[in-house]
Amino acid sequence: MSERVGRWGVALVGALTLVSVGLLAAEPFLLAATAVPLAYVLYGAVARVPPGASLRAERTVETDNPTPGEAVDVALTVTNDGDAALTDVRIVDGVPGELTVVDGSPRACESLRPGDSVTVRYSLLAKRGTFAFDDPVARVRPLAATAVATATLDAEGDASVTCANVVSEVPLADATLPRAGTLPTDSGGSGLEFHATRNYQSGDPVSRIDWRRFAKTNELTTVQYREEQAVRTVLVVDARTVTRVTPDAGYPTGAELGAYAAERLFDALGRTSVVASVVAVGLDADDVVGGLDPDDLVWVDPGGDGGTAVRVSQVFDGIQAAVANDVSDAAGRASGERERPASRRDADVATDEPPNTDAPPSPETDDETVPAADGGETPHVDDAARRLLARLPPTAQVVLFSPFVDDWPVTLTQSLAARGYPTTVVSPDVTRGDGLGQSVVGLERDLRVQSVELAGATCIDWNLDEPIDIALRASLADLFKA
Amino acid sequence: MTGHDAVDDPEPTRTSTLVVVLASVLTAATLVRAADVVWPALLGAMGAVTLAGVVWASGWERHEAAGSVLASVLVLPVGVGIVAATAGTVLVLAGGLFPVPSAADVPGTVIALTARAAVVTGAVAAVFGATTATRGVLDADTLEDATTTAVRTAVVPFCLAILLAGSAALQFLESNAAGPGIQTVVGDVLRGITSLFFQPDPLGPHLPTFAVMAGAALLAAHRGVHALPITELLPENETGDDYRERIEAGQRRLFWAGLVVVAAAPIAAIVHLAVPPRQLRAALGSGLYDVVLAVTANPALRSLAWWLILCGVAVAGVVWLLRRLVQSSPDRIGSVLAPFAGGVGVVALAFAVSDNTVFKSVAWVADQLPGKFSVQFMDAATPVMNVYGFTTIGVAAAAALLFLATVAVSALWAVLATGYVEGRTAGVTIASLALFNTAAFAGVLDVSNVLVLGALVGAVLVWDAGEFGVTLGQEVGRLANTRRAELVHATGTLAVGGVGAGVALLIGGVGAVDASTGPVALGLVAVLGGLLLLVVALR
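Everything numeric in this text was worked out from a predicted model, so none of it was measured.

## A short note on the interface of chain A and chain B
Then, in step 1: Taken together, the contact between chain A and chain B spans 58 residues of the former and 61 residues of the latter.
Then, in step 2: Interface area, chain A with chain B, both sides summed: about 5,000 Å², of which 72% is carbon and sulfur.
Then, in step 3: Linking chain A to chain B there are six salt bridges.
Then, in step 4: Applying the counting criterion to the chain A and chain B interface returns eleven residue pairs in polar contact (both at pLDDT 80 or more).
Then, in step 5: Among the elements of the structure, helix H1 (9–24), helix H2 (28–33), helix H3 (35–46), strand S4 (86–94), strand S5 (100–104), strand S6 (107–112) and strand S9 (134–141) of chain A are those that each provide at least two residues to the side of chain A that touches chain B.
Then, in step 6: Among the elements that line the side of chain A that touches chain B, the one with the most residues is H3(A), at ten residues.
Then, in step 7: Its residues assigned to classes, the side of chain A that touches chain B comprises 36 nonpolar, nine polar and 13 charged.

## Regarding the side chain of B:Thr438
Residue and element names in this part refer to chain B.
Then, in step 1: Mapped onto the elements of the fold, Thr438 is located in helix H15 (residues 426–444).
Then, in step 2: A relative accessible area of 0% means that Thr438 is categorised as buried.
Then, in step 3: Setting aside its immediate chain neighbours within four residues, Thr438 contacts Leu31, Val119, Gly122 and Ala123.

## Quick notes on the sheet that holds strand S20 (residues 458–462) of chain A
Residue and element names in this part refer to chain A.
Then, in step 1: Pairing is mixed in the open sheet, where six strands are placed in the order S17-S16-S15-S18-S19-S20. What marks the edges here is a single partner per strand, and that holds for strand S17 (298–300) and S20. Within the sheet, the average angular offset between the axes of one strand and its neighbour, ignoring direction, is 15°.
Then, in step 2: Of the pairings in the sheet, the one linking strand S15 (residues 232–238) to strand S16 (residues 275–281) comprises seven bridges and is parallel in character. Looking at S16, one finds that Leu235 is bridged to Val278.

## Digging into a nonpolar patch on the surface
Residue and element names in this part refer to chain B.
Then, in step 1: Together, Leu284, Leu288, Val291, Val295, Leu301, Leu304 and Leu308 line one region of the surface with nonpolar side chains, adding up to about 540 Å² of accessible area.
Then, in step 2: Those elements that place two or more of their residues in the nonpolar patch are helix H11 (286–296) and helix H12 (299–326).
Then, in step 3: Residue placement: Leu308 occurs in helix H12.

## Comments concerning the confidence of the model for chain A
Parts of the prediction with low pLDDT should not have their coordinates interpreted in detail.
Residue and element names in this part refer to chain A.
Then, in step 1: On average, residues of chain A score 77 in pLDDT, and 78% of them reach the 70 mark or higher.
Then, in step 2: The spread of mean pLDDT over the elements of chain A runs between helix H8 (residues 342–356), the lowest at 35, and strand S3 (residues 71–80), the highest at 92.
Then, in step 3: Contacts from residues 167–180, a stretch scored under 50 in pLDDT, to residues over four places away or in other chains number 29 contacts.
Then, in step 4: Long-range and interchain partners of residues 478–482, a stretch whose pLDDT sits below 50, account for eight contacts in this model, where long-range means more than four residues apart.

## Here we look at helix H7 (residues 207–227) of chain B
Residue pairs spaced three or four apart in an α-helix point in one direction, given the helix's 3.6 residues per turn.
Then, in step 1: Here H7(B) spans 30 Å end to end across 21 residues, near enough to the 30 Å set by a 1.5 Å rise per residue.
Then, in step 2: Within H7(B), burial applies to B:Pro208, B:Thr209, B:Ala211, B:Met213, B:Ala214, B:Gly215, B:Ala217, B:Ala220, B:Ala221, B:His222, B:Gly224 and B:Ala227.

## Digging into the packing of helix H1 (residues 14–35) of chain B against helix H4 (residues 106–133) of chain B
Residue and element names in this part refer to chain B.
Then, in step 1: The interhelical angle for the contact between H1 and H4, taken along N-to-C directions, is 165°, at an axis separation of 9 Å. In terms of axis orientation, H1 runs roughly antiparallel to H4. Crossing handedness for the pair H1 and H4: left-handed. Taking contact as the criterion, the partners of Thr17, Val20, Val21, Ser24, Ala28, Leu31, Val32 and Ala35 in H1 are, on H4, Arg116, Val119, Ala123, Ala126, Ala130 and Ala133.
Then, in step 2: Split by residue class, the contact of H1 with H4 holds eleven nonpolar, two polar and one charged.

## Quick word on the sheet that holds strand S2 (residues 55–61) of chain A
Residues and elements named next belong to chain A.
Then, in step 1: Here we have five strands laid out as an open sheet, ordered S5-S7-S3-S2-S11, and mixed in their pairing. Two strands bound the open sheet, and with one partner strand each, they are S5 and strand S11 (155–157). The sheet shows a mean angle of 30° between the axes of neighbouring strands, taken without regard to direction.
Then, in step 2: Of the strand pairs in this sheet, S3 and strand S7 (residues 117–125) are connected by nine bridges, and their pairing is antiparallel. Residue pairing across strands places Val74 opposite Tyr122, the latter belonging to S7.

Conventions adopted
- Residues numbered from 1 in each chain as written.
- Chains lettered and ligands numbered in written order.
- Predicted model: local features only at pLDDT ≥ 70, side-chain atom pairs only at ≥ 80, totals over all residues.
- Heavy atoms only, no water.
- Contact = heavy atoms within 4.5 Å.
- Buried area = accessible area lost by both parts, 1.4 Å probe.
- Salt bridge = Lys/Arg side-chain N within 4 Å of Asp/Glu carboxyl O.
- Polar contact = N/O pair within 3.5 Å; in protein donor to acceptor, adjacent residues only side chain to side chain.
- Helix = DSSP H or I, 4+ residues; strand = E, 2+ residues; numbered from the N terminus.
- Nonpolar A, V, L, I, M, F, W, Y, C, P; charged D, E, K, R; others polar.
- Buried < 20%, exposed > 50% of the residue type's maximum accessible area, 1.4 Å probe, protein only.
- Pairing = 2+ DSSP bridges.
- Axes fitted to C-alpha atoms, helices over the stretch in contact; angles between N-to-C directions.
- Patch = residues over 30% accessible without salt bridge, like charges linked within 9 Å, V, L, I, M, F, W, Y side chains within 5 Å.
- Areas by Shrake-Rupley, 256 points an atom, 1.4 Å probe, with all protein chains shown as cover.
- pLDDT = per-residue confidence, 0-100.
- Expected span 1.5 Å × (residues − 1).
- Parallel < 35°, antiparallel > 145°, perpendicular 65-115°, else oblique.
- Left-handed = near helix turned anticlockwise from the far one by under 90°.

So this is what it looks like as structure tokens:
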């Protein structure tokens, strides 16, 4: 198990130097002085790792139920169980590869007397999911460091860190959305409230014939009631490549944070029996299990084949996978690209787009020029947004989750406002930080948030220092009281 | 930082680095004090630190241009340090130790001088090793960059020094100021060549040299005009194409005219050699002959052609450089051009200070030299200074200093690139071996034995703590708390060193290896025993 390390070659060279200089200058003392390097050679030769060395490790995850983005404190205690002193014990804890150490170091080097112990403390940045620790590795050297014994320790205690996004309490119980439940419409049909009467047409239900009128006038008349439609809440998660930016290394990206918030809201809405759909924009086909819909969106409607919850969690997992792929694909160029203001790239795309659209002006593009309710112009919308708008049910209310690092969500929100969809925007602020680039992007983001609010949408600016529940609860409750 | 992998971008741990620096500097300082050569050693230490700075700045990845600027600025002090630590030390020592009372003392004094000089250079090398060990900056790639920077810095002063020295030598030789001998002959030949081209004999026609100069001037003018972006700068209009055609046609004509004139030069040479001027005059008629004579023998026209050649080449060169520049990124331009600019700065510095410093330096060197050597040196140096002038000598000295620094950096690069020294521990290896050397040579001097043994232990400690810190930095990193284990390890090493030193004192004390009493063999036996042990250990 123990391996020899030849590290006293310098002493050998030194001894030879002394001998040669001593002979050259006829200086006998230099020959005697070879005792010094030779002592080291001897020292290195006899040094051994103590045979009875034994180490015990115990790991504690000190933060219970962390939320995504929260720091998780981990403590690994290693005790010298043997009866020999170990002068050089190096410990490296097996941090899960997906998680980032944000504080402290999972490594240590310590001298341990028998019975002594050393505790390694560090903090990890939690991500959604369960991540298993590898066993810690210990390396022991004797005082001369000429032998190395490496061993994997079986760590007692916690072996994984779990960060579940959904907790048992209902965080949004007191938050109400504007049109939860049903929406009275201006069309006749079946319902409760009287709307109009019209001539009977064959096939009308017998129960809706106005029999009194028939008795008076002998004419068959059908009563129409105001139709009531269930309101659909559509949660749109902006997971385009631009949004996969993070304020700090290891922190969840904008897309992931949007997905967390959407998942929380979806769960809360499910408890209050609001019908919610989930849409993710900007994913690739290989990110999501089951692939994309034909229009390149991932759209999950409630009901259907009963697999809604499964499919929704697939979408959220897909966003996480997309971010992970993105990071591993572009590990090298990521840092440079991420610091770049994303708006530049999107502005380029926007200007390049029109000549590339081979379809002639179509009803879709006519749609774009429909003036907004307040007479303003609808901004230019790209393909993804257009497909999303085309697929939105007419009675939907939209909640958009986006970090607002480019203009896409702004144009989308303005288009939604122009079409009369009540819109709420939840925006995690990934631009915190003191860097010049971050400050500039932060200012741009503030401007975008303002223009979204001007467009009539409700904006929830999620400061990452506080949990999303607080931000959502405060903002939703406050905004929808009226 | 994930899993059990090595730490990304490892740096040696702090405590060990501190031990390395303290042990190196203390040991080096003590031994240098014992050798009694303080000023050259201090200058050399400064050069060593700046050499480390050159390597460090060359390794900057994010601010490559700034690193390149800093490195090129530091190259000159490195050269100064090297000269001070080597030649300066020897000079100072020679001034102090010589002259000796009798010839019999010469070998002993030479050994003492060598030992002291070795102590100083070793101490300087140890300072360099310890400085680089602090950040682990030595690796082959960085040293390659540093070498490139040093070479680029040296280019301008070097070329200018050759140019200045060459023209000064030409002037001297042509002036016939030198005494008779080979110098006069060379001077005559040179004068003949230059007058043939620039000051021809006005009595006869000089067709071949005129053809060569005129052709070269035409071709150079073509190159210059061709390089200029004239057609690109003309406005785009209906007549623009016409302009362009005409300009291109003009350029073509220049080129062909130049070629034809150059090609005519051999014919002209044959005519010049075969036909005497009188016959030529008869053949051409006196009017045409006078014109030919006036044109070909006119020094002003020759001078014009010469300037045309210079300007054409200069324009072509500048335009080529500009075209290269606009195609590169600013950072790249900065990192490539900065060293050249640094070289220009060195030249400017040499121009500014050489009037004052060159003579003082020569006088100082003469002052240091003992006895008759001083007079001989001044006798040799004075004509050189008279012929070349202080400025030329100053520029040449600066170029030589830069050249020395370049040699030092590239030697380091060669050592690392060949894998002779491991890049990971290069700094501590250099420091430790240099200290060993220093201690060994100090043992030759009148230094107390305890001091020598202490220096030996210090040398081993530098290596041990340095290697330990580097490995620890790779395996555990700087973020973890490692101080206690490092101190325990260093204490163990010191304790073993103490035991070794005690044994050495014991052996030395009982006179077991005293050469005068005979039993040197005992010491050799001890050494052999140790080597045997070593073999066992390595096995």
